[in-house]
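# Descriptive structure summary
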Protein chains: 2
Amino acid sequence: MHKQKGILFILSGPSGVGKGTVRERLFEVETQLKYSVSATTRDKRPGEVHGSDYHFKEHSEFEKMIENDELLEHAKYVNNYYGTPRDYVESELEAGNDVFLEIEVQGALQVKENFSEGVFIFLFPPSLDELKKRIVNRGTESPELVRNRLNEARKEIEMMHNYDYVVVNDNVDYAVQKIKSIIVSEHCKRERIEEQYKKIMKADDFNVRTIN
Amino acid sequence: MHKQKGILFILSGPSGVGKGTVRERLFEVETQLKYSVSATTRDKRPGEVHGSDYHFKEHSEFEKMIENDELLEHAKYVNNYYGTPRDYVESELEAGNDVFLEIEVQGALQVKENFSEGVFIFLFPPSLDELKKRIVNRGTESPELVRNRLNEARKEIEMMHNYDYVVVNDNVDYAVQKIKSIIVSEHCKRERIEEQYKKIMKADDFNVRTIN
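Below is a summary of the structure that appears in this document.

What follows deals with the overall build of chain A. Across its full length, chain A holds eight helices and nine strands. Along the longest, intermediate and shortest principal axes, the C-alpha atoms of chain A span 80 × 40 × 30 Å. The 212 residues of chain A split such that 49% are buried. As presented, chain A carries roughly 10,800 Å² of accessible surface, and 44% of it is formed by carbon and sulfur atoms. Side-chain charges in chain A split into 31 positive and 38 negative, and the spacing between the mean points of these groups amounts to 3 Å.

Printed below as a string of structure tokens:
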């Protein structure tokens, strides 16, 4: 069997829904999956590793990447750029590896414009009360910031219709199990493998007259 | 969370590919799945149970079911009718249960006409040589019948483009695992659950002004 091309999976969802936790747990069990490391212009924090946590870039370098269409998505937060380099994603897919992006909703929508064949998974809070709690319980943010983030979350949930799948994050292990199933199932989609199977049939030289 | 409507899964594929074995193994692990029992006019064989192996019907009864559009598909083999009663399938789906059909390719295409929202899974032989072997090794059939069945299988494989998923039956456990993943993943499809989630959002009364 010829090796199938890899698939790009994009996990996104509102702030506070638990994307990071789900992604970490998923990578503990799905060791074949390639994680797309973002590029950023922000300063490296203590303990962070270049190429593993982020690709750290100068402002001028990053702007050149934007210019040359080398990013599947990018955004600017607090004067720093963040983005997803296209070359890593495409070379891994070409090599037959699945790539996984965990990303904010706005970024996911940009990826969709640039790479519509990706599989878009929306992580949904078990309830909106629960989402409120999670945002409030981070504790590091001012009441005003909490309010803004909840307003933002509401808008982000309305973007759900751009996604292929919705996974409720009521339990991290269940959510991970569902994402694993989506990965397996996407590889079984007929339109992804039909051409491949047609080749097998020809190669197999299915000449029934040789029987008997 | 409101209970989601069930999904109809249809497993099909060429003669000899191992549909029955895969279905039996799947039902050992997926105890929530409802198996759609076929109706037939053929005689009950020793050990067969009415309502479990088949719904045994008189010819006149069966023809009335056809007339009244009470079958999702039906066919006649060797003067006997075989078919899938619509009422059982629909009532189980309505009750939120998934229903599973294991069926010949021609029947699956009929189900697709009558019930396009079903999920159609094509079981593919690991190779066509292997399929030849399996058909020959059944040993009960004449060389001519084997030839006919292989010709038929080739035509059936060409029907693959009508299906949603293709699962290769190189190993029964792998095939079952893939079908399980397809079941989980289909329940996460955004278009199946979007309305439900919108209701949750409204019920949740997501009024961020109550924070703080």
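Time to look at the environment of Tyr-77 of chain B. All names here are of chain B. You can see Tyr-77 is positioned in strand β5 (residues 71–77). A relative accessible area of 41% places Tyr-77 in the partly exposed class. Once the C-alpha coordinates of Tyr-77 and Arg-154 are considered, the two residues, 77 residues apart in sequence, prove to be 20 Å apart. Residues contacting Tyr-77, with those up to four places away along its chain left out, are Tyr-82 and Glu-104.

Take unusual backbone geometry next. Here Asn-79 of chain A, not a glycine, exhibits a phi torsion of approximately 70 degrees, which is positive. By the element assignment, Asn-79 of chain A lies in the loop between β5 (71–77) and β6 (80–85). Using a relative accessible area of 61% as the deciding quantity, one classes Asn-79 of chain A as exposed. Phi angles above zero are rare outside glycine, and Asp-69 of chain B is one such case at about 60 degrees. On the accessibility criterion, Asp-69 of chain B (45% relative accessible area) is partly exposed.

Looking now at the sheet that holds strand β9 (residues 165–168) of chain B. All names here are of chain B. Strand order in the open sheet formed by five strands is β2-β7-β1-β8-β9, with parallel pairing between adjacent strands. Strands with a single pairing partner mark the edges of an open sheet, and in this sheet they are β2 (34–35) and β9. One ladder, built from four bridges, connects strand β8 (residues 119–124) with β9; its direction is parallel. Bridged to Phe-124 within β9 is Val-168.

Another aspect to go through is helix α5 (residues 128–137) of chain B. Along an α-helix, residues three or four apart share an orientation, since each turn contains 3.6 residues. Looking only at α5 of chain B, the buried set comprises Leu-128, Leu-131, Lys-132 and Ile-135 of chain B. Down the axis of α5 of chain B, the smallest arc covering the buried residues is 105 degrees, so these residues share one side.

Turning our attention to the environment of Tyr-81 of chain A. All names here are of chain A. With respect to the secondary-structure elements, Tyr-81 resides in strand β6. Linking Tyr-81 and Arg-42, residues 39 residues apart in sequence, is a C-alpha distance of 7.1 Å. Beyond its immediate sequence surroundings of up to four residues, Tyr-81 is in contact with Ala-39, Thr-40, Thr-41, His-59, Phe-62, Glu-63, Ile-66, Ala-75 and Lys-76. Only 2.9 Å separates the side chain of Tyr-81 from the side chain of Glu-63, close enough to count as a polar contact.

Glancing now at the nonpolar core. Ranked by internal contacts, the top residues of the largest apolar core, which has 49 residues, are Leu-8, Val-111, Ile-121 and Ile-179 of chain A. Beyond its immediate stretch of four places on either side in the chain, Ile-179 of chain A contacts Leu-11, Val-22, Leu-26, Phe-100, Ile-121 and Val-167 of chain A.

For the rest of this paragraph, the subject is the packing of aromatic side chains. Residues and elements named next belong to chain B. Enumeration according to the criterion identifies 18 aromatic pairs over all chains in this entry. When the centroid spacing of 5.9 Å and the interplanar angle of 55 degrees are considered together, the rings of Tyr-54 and Phe-56 count as tilted. The burial state of Tyr-54 is the same as that of Phe-56; both residues are buried. Ring centres of Phe-122 and Phe-124 lie 6.4 Å apart, and the angle between their planes is 50 degrees; this geometry places the pair in the tilted category.

What follows deals with the pattern of salt bridges. Tallying each qualifying case throughout the model produces 22 salt bridges over all chains. Across the pair Arg-25 of chain A and Asp-173 of chain A runs a salt bridge whose closest N-O atoms are separated by 2.7 Å. Of this pair, Arg-25 of chain A sits in helix α1 (residues 19–29) while Asp-173 of chain A is found in helix α7 (residues 172–187), placing the two residues 148 residues apart along the sequence. Here Glu-194 of chain B makes a salt bridge to Arg-190 of chain B, at a shortest N to O gap of 3.2 Å. With a gap of four residues between them, Glu-194 of chain B and Arg-190 of chain B both fall in helix α8 (residues 190–204), about one helical turn apart. Take Glu-194 of chain B and Arg-190 of chain B: they sit in the same class, and that class is buried. Look at the salt bridges and you will find they share partners, linking Asp-69, Arg-86 and Glu-90 of chain A into a network.

Take the packing of α1 of chain A against α7 of chain A next. Residue and element names in this part refer to chain A. For the pair α1 and α7, the least separation of the axes is 9 Å and the interaxial angle reads 60 degrees. Between α1 and α7, the angle is such that the two are oblique. Between α1 and α7 lies a crossing of right-handed hand. Within the contact between the two elements, α1 uses Thr-21, Val-22, Arg-25, Leu-26 and Val-29 and α7 uses Val-172, Asp-173, Ala-175, Val-176, Ile-179 and Lys-180. Tallied by class, the residues present in the contact of α1 with α7 amount to seven nonpolar, one polar and three charged.

What follows concerns the pairing of β8 of chain B. Residue and element names in this part refer to chain B. Burial analysis of β8 places six of its six residues in the buried class, the great majority of the element. Burial along β8 is two-sided: the residues Val-119, Ile-121 and Leu-123 and Phe-120, Phe-122 and Phe-124 are all buried. As judged from the four bridges shared by strand β1 (residues 8–12) and β8, these two strands associate in the parallel manner. Each residue of the ladder has a partner; that of Ser-12, found in β8, is Phe-122.

Reading guide: rules and limits
- Residues numbered from 1 in each chain as written.
- Chains lettered and ligands numbered in written order.
- Predicted model: local features only at pLDDT ≥ 70, side-chain atom pairs only at ≥ 80, totals over all residues.
- Heavy atoms only, no water.
- Helix = DSSP H or I, 4+ residues; strand = E, 2+ residues; numbered from the N terminus.
- Buried < 20%, exposed > 50% of the residue type's maximum accessible area, 1.4 Å probe, protein only.
- Areas by Shrake-Rupley, 256 points an atom, 1.4 Å probe, with all protein chains shown as cover.
- Lys, Arg positive; Asp, Glu negative; His and termini not counted.
- Charge placed at Lys NZ, Arg CZ, Asp CG, Glu CD.
- Contact = heavy atoms within 4.5 Å.
- Pairing = 2+ DSSP bridges.
- Arc of directions from axis to C-beta.
- Polar contact = N/O pair within 3.5 Å; in protein donor to acceptor, adjacent residues only side chain to side chain.
- Core = buried A, V, L, I, M, F, W, Y, C linked by side-chain atoms within 4.5 Å.
- Phe/Tyr/Trp six-rings, centres within 6.5 Å; stacked < 30°, edge-to-face > 60°.
- Salt bridge = Lys/Arg side-chain N within 4 Å of Asp/Glu carboxyl O.
- Axes fitted to C-alpha atoms, helices over the stretch in contact; angles between N-to-C directions.
- Parallel < 35°, antiparallel > 145°, perpendicular 65-115°, else oblique.
- Left-handed = near helix turned anticlockwise from the far one by under 90°.
- Nonpolar A, V, L, I, M, F, W, Y, C, P; charged D, E, K, R; others polar.

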